[in-house]
Amino acid sequence: MVLGVVPFPRSLSTRAGAFALSPEVVLTGDAEAASVIADLVLARTGVRLRVAVAVAAAAASGRTIAVRRTGTGAPEGYRLRVDPGGVALESPDAAGLFYGAQTLVQLLSHNDAGGWDLPAADISDAPRFAHRGMMLDVARHFFPVPVVERLIDRIAALKLNVLHLHLSDDQGWRLALQSRPALAHRGSQTSALGDPGGHFTRADYAHLVAYAAARHVRVVPEIDLPGHTHAVGLAYPELVEPPVISASVAETAATFGGGIPTPGEPYTGFAVGFSSLRICDEATYEFLADVLGEIAALTPGPLLHIGGDEALGTSAEDYAYFLTRATEIVAGLGKTPVAWHEAGRVARIAPGTIGQYWGFVTPIDGADEDARGFIAGGGRLILSPADAIYLDMKPDAQSALGLEWANGPTSLEAAYSWEPTRVIAGASDRDILGVEAALWTETLATEADIEAMVYPRIAAAAEIAWSAADGPERTWPAFRERVAVLAELWADAGIRAGRIASPPPVAGAEAAAESESAAADSDPAGSASPAESAAGSAS
Ligand code: TNX
């Protein structure tokens, strides 16, 4: 039987037999993790397990799921042992218990009696990379708090631990600030495609940070600077340069609409690289101190992202001057700056600045050289190769949603088939902080749009971020089979996932029989995958 476990653990072995869930099963031990498991199991199966923190109470009833913090072992790791008579989950920390709970839920399957079973198994697990993230662009289209909450739950279920919020761009400013109220007031009214805008209040943001923390997810806020700042000019025209209308800006307007950016008017098109803060004006740095200072104070996590991408109308000299000062401001606030990879070409950015690489799996145009600049400066890299894990690339040529510029369309196989240490020559595991999938939202206006683009490819990003490169089942054919099984869980949870493409036809009778049985198990090949039929019934 194929287990829908993604990301795949360091080691997993199954034995004969199963642990059957029933309302008599008692959860014992760590109270927080026990209640997480009870909630997840209830949502997945409808079975309400009892939580008895006092072990004596549980002993009387017999079968238990025993949850224990051990204090030693790999951070975020866990051991899960399932026997027909009981289940034991152990971890050194709360995050590891949380991830063990997620694995437990992925292992659940229907039994012949109409109930739910866990297969007897031994699992030992821990992550490869510390930073396992997803970026959501709430600037091109704004998404309200409940949508972001659901996304947090869903990425946490795949053992991701970072939500990077792209909070500002040419099309909108999405966080209300006490120090600069005009930003949200004037800069957040619209979205790309002329759709309605919106913004988070400080309380919304604090709520999301806490909601994420409860699921072992840290929020990394991004204010994109010095480009991508047209919306700043709606509030503070004196801080921005006039738009630079290049041939590519005009061409993007011709292809996608949205017109030519005009000072003082909201921009609803898709062009990039036309806006800039005024680099040589001290008022700009007073603005940065206010905005970054307030966001740093609202954000408990260590990272603060200042963008730095596509400042195409800014001279190299001005760009370097700006990035030096902006990263120093962030460091002075006690945070580690993060910037897109272009900033790695600046000689004097704050030491330890983290670079986020958005070039291709096989770098072009010196993007790898830029990325190595961060390592030289004592920093590390977050890898977001655009032709693999930019989730806004069309998943297939027929998709009405998404863009294609990064060698798109990007299949699930392309999202899975790359190795982090082989992207930037000279960057070893130690230089790589982690992996982040990115969802830009120029073409995405609704939660259903998000789901169609995020799923199933986010599962590929999660496995690359978590599972060892040479780990068990860390191959495309094995991953595809597991994802097809996991898609049933997604469909049951109401997620309107994109479809999982059919495996290519296989030659030979033996192979054909094998592919038929795989189809019967999980229907990865059928035209109506579980995920797809969920999409059908929901729309
Ligand atoms: C590039 S890659 C961008 C974004 C766009 C995205 C669309 C990067 C750091 N910037 O501004 O939204 O492409 O795919």
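Residues numbered from 1 in each chain as written. Predicted model: local features only at pLDDT ≥ 70, side-chain atom pairs only at ≥ 80, totals over all residues. Heavy atoms only, no water.

**Student:** I'd love a proper account of the site of the ligand, names of residues and values included.
**Tutor:** The environment of the ligand is made up of 14 residues, and the closest members are R140, Y390, D392, W405 and E442. One of the side-chain nitrogen or oxygen atoms of W405 is found 2.7 Å away from an oxygen atom of the ligand. Residue E442 places a side-chain N or O atom 2.6 Å away from an oxygen atom belonging to the ligand. Contact with the protein chains covers 98% of the free accessible surface of the ligand, which is 370 Å². Within the shell around the ligand, the residues separate by chemical class into eight nonpolar, one polar and five charged. (Near = heavy atom within 4 Å. Polar contact = N/O pair within 3.5 Å; in protein donor to acceptor, adjacent residues only side chain to side chain. Areas by Shrake-Rupley, 256 points an atom, 1.4 Å probe, with all protein chains shown as cover. Nonpolar A, V, L, I, M, F, W, Y, C, P; charged D, E, K, R; others polar.)

**Student:** How would you sum up the nonpolar core? Please name residues and give values.
**Tutor:** Counting residues in hydrophobic clusters, the biggest one holds 138 residues, and the most contacted among them are L288 and W490. Two domains each put at least three residues into this core: domain 1 (11-125) and domain 2 (131-470). Excluding residues that lie within four positions of it along the chain, W490 makes contacts with Y455, P456, A459, V483, I495 and A497. Residues M135, A192, L403 and A406 belong to the second largest nonpolar core, which totals 13 residues. (Core = buried A, V, L, I, M, F, W, Y, C linked by side-chain atoms within 4.5 Å. Buried < 20%, exposed > 50% of the residue type's maximum accessible area, 1.4 Å probe, protein only. Domains from an automatic or database assignment. Contact = heavy atoms within 4.5 Å.)

**Student:** Lay out the domain arrangement of the protein with the relevant residues and their values.
**Tutor:** As assigned here, the protein comprises domain 1 (11-125) and domain 2 (131-470). Contacts between domain 1 and domain 2 engage eleven residues on the former and ten residues on the latter. Both sides of the domain 1 and domain 2 interface together cover about 860 Å² of buried area, and 51% of this is carbon and sulfur. Considering only the side of domain 1, the residues that lose the most area to domain 2 are E76, F98 and Y99, jointly responsible for 54% of the buried surface there. At the surface where domain 1 touches domain 2, the tally comes to one salt bridge. Here E76 makes a salt bridge to R132, at a shortest N to O gap of 2.9 Å. Where domain 1 touches domain 2, the interface holds five residue pairs in polar contact (both at pLDDT 80 or more). Among the elements that line the side of domain 1 that touches domain 2, the one with the most residues is helix 3 (residues 94-107), at seven residues. Of the residues contributing to the side of domain 1 that touches domain 2, the split by class is five nonpolar, three polar and three charged. (Buried area = accessible area lost by both parts, 1.4 Å probe. Salt bridge = Lys/Arg side-chain N within 4 Å of Asp/Glu carboxyl O. Helix = DSSP H or I, 4+ residues; strand = E, 2+ residues; numbered from the N terminus.)

**Student:** Tell me about the pairing of strand 2 (residues 26-29), and please be specific about residues and values.
**Tutor:** For strand 2 and strand 3 (residues 50-51), the ladder comprises two bridges, and the chain directions are parallel. Across the sheet, L27 pairs through a bridge with V51, a residue of strand 3. The parallel pair strand 2 and strand 3, bridged by helix 1 (residues 31-45), forms a crossover whose chirality is right-handed. In this structure, strand 2 lies alongside strand 4 (residues 64-69), joined through four bridges in parallel fashion. Bridge pairing links V26 to T64 in strand 4. (Pairing = 2+ DSSP bridges. Right-handed = clockwise from strand over helix to strand, strands pointing away.)

**Student:** I'd love a proper account of the packing of helix 9 (residues 282-298) against helix 10 (residues 316-332), names of residues and values included.
**Tutor:** Orientation of helix 9 relative to helix 10, taken along the N-to-C sense of each, is 30 degrees, at an axis distance of 10 Å. The way helix 9 lies across helix 10 gives a crossing that is right-handed. Touching E282, T284, Y285, L288, A289 and L292 of helix 9 are Y321, F322, R325, A326, I329 and V330, all from helix 10. By residue class, the composition of the contact of helix 9 with helix 10 is nine nonpolar, one polar and two charged. (Axes fitted to C-alpha atoms, helices over the stretch in contact; angles between N-to-C directions. Left-handed = near helix turned anticlockwise from the far one by under 90°.)

**Student:** Residue-level account of the sheet that holds strand 10 (residues 162-166), with values.
**Tutor:** Strand order around the closed barrel formed by eight strands is 9-10-13-14-15-16-17-18, with parallel pairing between neighbours. In this sheet, adjacent strand axes meet at a mean angle of 30 degrees when their direction is disregarded. Both strand 14 (residues 303-307) and strand 15 (residues 336-340) contribute to a ladder of three bridges, which runs parallel. Note on strand 15: the bridge partner recorded for L303 is T336. Sheet strands touched by helix 4 (residues 145-157): strand 9 (131-137) and strand 10. Its angle to strand 10, the strand with the most contacts, is close to 145 degrees. Against the sheet, helix 6 (residues 202-213) engages strand 10 and strand 13 (218-225), with an angle of about 135 degrees to strand 13.

**Student:** I'd like a rundown of the pattern of salt bridges, residues and numbers included.
**Tutor:** Pairing is possible between side chains of opposite charge, provided their charged atoms come close. Counted under the stated rule, the structure contains 25 salt bridges. Between D492 and R44 there is a salt bridge; the shortest N-O distance is 2.9 Å. Of this pair, D492 sits in helix 16 (residues 476-492) while R44 sits in helix 1; the two residues are 448 residues apart in sequence, bridging distant segments of the chain. Overall, D492 belongs to the exposed group, its relative accessible area being 55%. Measuring nitrogen to oxygen at the nearest pair gives 3.0 Å for the salt bridge that ties D122 to R81. In this pair, D122 sits in strand 8 (residues 116-125) while R81 sits in strand 5 (residues 78-83), placing the two residues 41 residues apart along the sequence.

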